[in-house]
Amino acid sequence: MVKSRLLAGALAVLAGGALVSVLVPGNATADRFGAERHGDDKPLIIGHRGAPAFRPEHTLLSYEAAAKMGADYIEPDLVSTKDHILVARHENEISGTTDVENHPEFAARRVTKTIDGLQITGWFTEDFTLAELRTLRAEERIPDLRPDNTAYNGLAQIPTFDEVIQLAKRYGVGVYPETKHPTYFDSIGLSLEEPLLEVLNQHGWRDKRSPVFIQSFETTNLKELRAKTRLPIVQLINGSGAPYDLVAAGDPRTYDNLITPDGLRDIAKYADGIGPATTRIIPVDATGKLGQPTSLVRDAHRKGLKVHPFTIRDENSQLPLDYRLGNPASPAFPRATGDVMGWVERLFELGVDGVFADDPGLARATRDRLFDRS
Ligand code: G3P
Ligand code: CA
């Protein structure tokens, strides 16, 4: 085994590949930046909600664009319908991403609910059958930032998870599903985990080599999933706050606690990786300027965990100050594309194993330039 790894390292150097692997102790290689990278793979490009820099998020249009741009995985956020079908939406409240407000037949379904401790008013997927949801059309969620995407308003339906997998298989990419509000969906009798595994199983994706990562901001459902599946699991780590399942149970632990060495050791018992906010890897100050990198990537790798940070976005207003480009006085500056490739390169330098990107094309171009070119 050691011999074959040495040979692989030597071959990478002889091939003159940009990824010049050299062996370091343990199950890691040091790449061209000297960063410890867990495993031998190039960083993954995850099409975050598809390719929402160019298409309304969580539509087949968006997922297809991501696959064509070179994403390795497409990422559906999953919620349930009334008839317990998993569909792709960032939230179960859908007024911001569909034309539901223009459907008088559903006007009476506008309600206020408490989701994860927050009062939210609108229309909720769990109050619609799949057939009813199919009468709606997707719309761009942030038209001020992405006005060109409104050209696609009205063209796409809300896709089911099954349809997302079918598309992924057509393009030869993986899926990276996120269970949204699992404690809440449990509380209304529409548990997400069973249909999630069932649909994946129907497509033959059921073992640890399947092109799947299951993710959640909560912890309890991921632990339950580990008991039921060998599919790769990723614990999401928000920039602040606490997993809602712990809040609901009166457990005082926060995301800060989860990424201590002891916390990471616990995560490694049920997960294969973490998906942290980028600020957990490089904090930003009040002006948006990057500070010094934390030890999180190294700490996680030492526990055998992959690191897939979220979210890389093109627009200046969504980038660290250090990577904004253009004239700040221009009205178009906030939505203009900054040096997103420089930002992705910085994260690759720090040894991350993948990135969630709203523009998987630029992330892929960055990886190809750094890792595939001689
Ligand atoms: O799942 C990674 C990232 O998508 C988490 O944030 O809110 O975009 O689902 P969110
Ligand atoms: Ca997500």
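What you see is a predicted model, and the numbers here were worked out from it, not measured in a lab.

> Even after reading the chapter, I still don't get the nonpolar core, so can you show me in this structure?
Soluble, globular proteins show a tendency: their nonpolar side chains are buried together. Counting 78 residues, the largest nonpolar core has I74, F161, V175, L200, I214, I267 and I274 as the members making the most contacts within it. Beyond its immediate sequence surroundings of up to four residues, V175 is in contact with Y73, I74, F161, V164, I165, A168, L200, W205, P211, V212 and F213. By size, the runner-up hydrophobic cluster in this structure holds 10 residues, among which are L44, A277, F310 and F356.

> Which parts of the structure should I look at to understand the packing of aromatic side chains?
In this description, an aromatic ring pair is defined by two values, namely the gap between the centres and the angle between the planes. A full pass over the atoms with the stated rule returns 10 aromatic pairs. Ring geometry for Y323 versus W343: centroids 5.7 Å apart, planes at 35°, classification tilted. One end of the pair, Y323, is in the loop between β15 (306-307) and α12 (340-349); the other, W343, is in helix α12, and 20 residues separate them in sequence. For Y323, a relative accessible area of 13% puts it in the buried group. Consider the rings of F348 and F371, whose centres lie 5.8 Å apart with planes at 80°: the pair is edge-to-face.

> Please clarify how the site of ligand 1 should be interpreted in this entry.
Close contacts around ligand 1 come from H48, R49, E75, D77, H90, E178, K180, Q215, F217, L236, F310 and F356, and that covers them all. In this structure, an oxygen atom belonging to ligand 1 sits 2.7 Å away from a side-chain N or O atom of H90. At a separation of 2.9 Å, an oxygen atom of ligand 1 approaches a polar side-chain atom of K180. Against a free-state accessible area of 280 Å², the protein chains account for coverage of 91% of ligand 1. Taken together, the residues of the shell around ligand 1 break down into 4 nonpolar, 3 polar and 5 charged.

> Please clarify how the pattern of salt bridges should be interpreted in this entry.
Between side chains of opposite charge, a pair can form when the charged atoms approach closely. Under the definition given, this model contains 23 salt bridges. Note that K289 and D322 form a salt bridge whose closest N and O atoms lie 3.4 Å from each other. Residue K289 is located in the loop between β14 (273-276) and α11 (296-302), and its partner D322 is located in the loop between β15 and α12; the two are separated by 33 residues in the primary sequence. With a relative accessible area of 40%, K289 lands in the partly exposed category. What you see here is one network of salt bridges that share partners, running through R146, R313, E315 and D358.

> How should I be thinking about unusual backbone geometry in this particular structure?
When glycine is set aside, most residues are seen to have a negative phi, and most peptide bonds are trans. For the bond from F310 to T311, the omega torsion is -20°, close enough to zero to count as cis. Structurally, T311 is set in the loop between β15 and α12. Even without glycine at this site, R49 takes up a positive phi of about 60°. Mapped onto the fold, R49 is located in the loop between β4 (44-48) and α2 (60-69). We classify R49 as buried; its relative accessible area is 7%. Notably, D116 is not glycine yet its phi reads approximately 50°, a positive angle. Mapped onto the fold, D116 is located in the loop between β8 (111-115) and β9 (118-122).

> Would you mind going over the side chain of D314 with me for this structure?
By the element assignment, D314 lies in the loop between β15 and α12. It turns out D314 is buried and unbridged, and the closest side chain with the opposite charge, R146, is 6.9 Å from it. What D314 contacts, discounting residues up to four positions off in sequence, is A53, F54, L319, A336, T337, G338, V340, D359 and L362.

> Explain α2 here, please?
For an α-helix the count is 3.6 residues per turn, leaving residues at separations of three or four pointing the same way. Residues S62, Y63, A65, A66 and A67 constitute the buried set of α2. Residues of α2 that are buried make contact with β4, β5 (73-75), β7 (86-88), α4 (161-171) and α13 (360-372). Of the residues one or two after α2, G70 is the one with positive phi, at around 110°.

> Explain the pairing of β9 here, please?
The two faces of the sheet receive side chains in turn, since in a regular strand these alternate between them. Of the strand pairs in this sheet, β8 and β9 are connected by 5 bridges, and their pairing is antiparallel. Its bridge partner lying in β9, I115 is registered against L118. Once β8 ends, the chain turns through 2 residues before running back antiparallel as β9, passing D116 with a positive phi of about 50°.

Criteria and cut-off values
- Residues numbered from 1 in each chain as written.
- Chains lettered and ligands numbered in written order.
- Predicted model: local features only at pLDDT ≥ 70, side-chain atom pairs only at ≥ 80, totals over all residues.
- Heavy atoms only, no water.
- Core = buried A, V, L, I, M, F, W, Y, C linked by side-chain atoms within 4.5 Å.
- Buried < 20%, exposed > 50% of the residue type's maximum accessible area, 1.4 Å probe, protein only.
- Contact = heavy atoms within 4.5 Å.
- Phe/Tyr/Trp six-rings, centres within 6.5 Å; stacked < 30°, edge-to-face > 60°.
- Helix = DSSP H or I, 4+ residues; strand = E, 2+ residues; numbered from the N terminus.
- Near = heavy atom within 4 Å.
- Polar contact = N/O pair within 3.5 Å; in protein donor to acceptor, adjacent residues only side chain to side chain.
- Areas by Shrake-Rupley, 256 points an atom, 1.4 Å probe, with all protein chains shown as cover.
- Nonpolar A, V, L, I, M, F, W, Y, C, P; charged D, E, K, R; others polar.
- Salt bridge = Lys/Arg side-chain N within 4 Å of Asp/Glu carboxyl O.
- Lys, Arg positive; Asp, Glu negative; His and termini not counted.
- Pairing = 2+ DSSP bridges.

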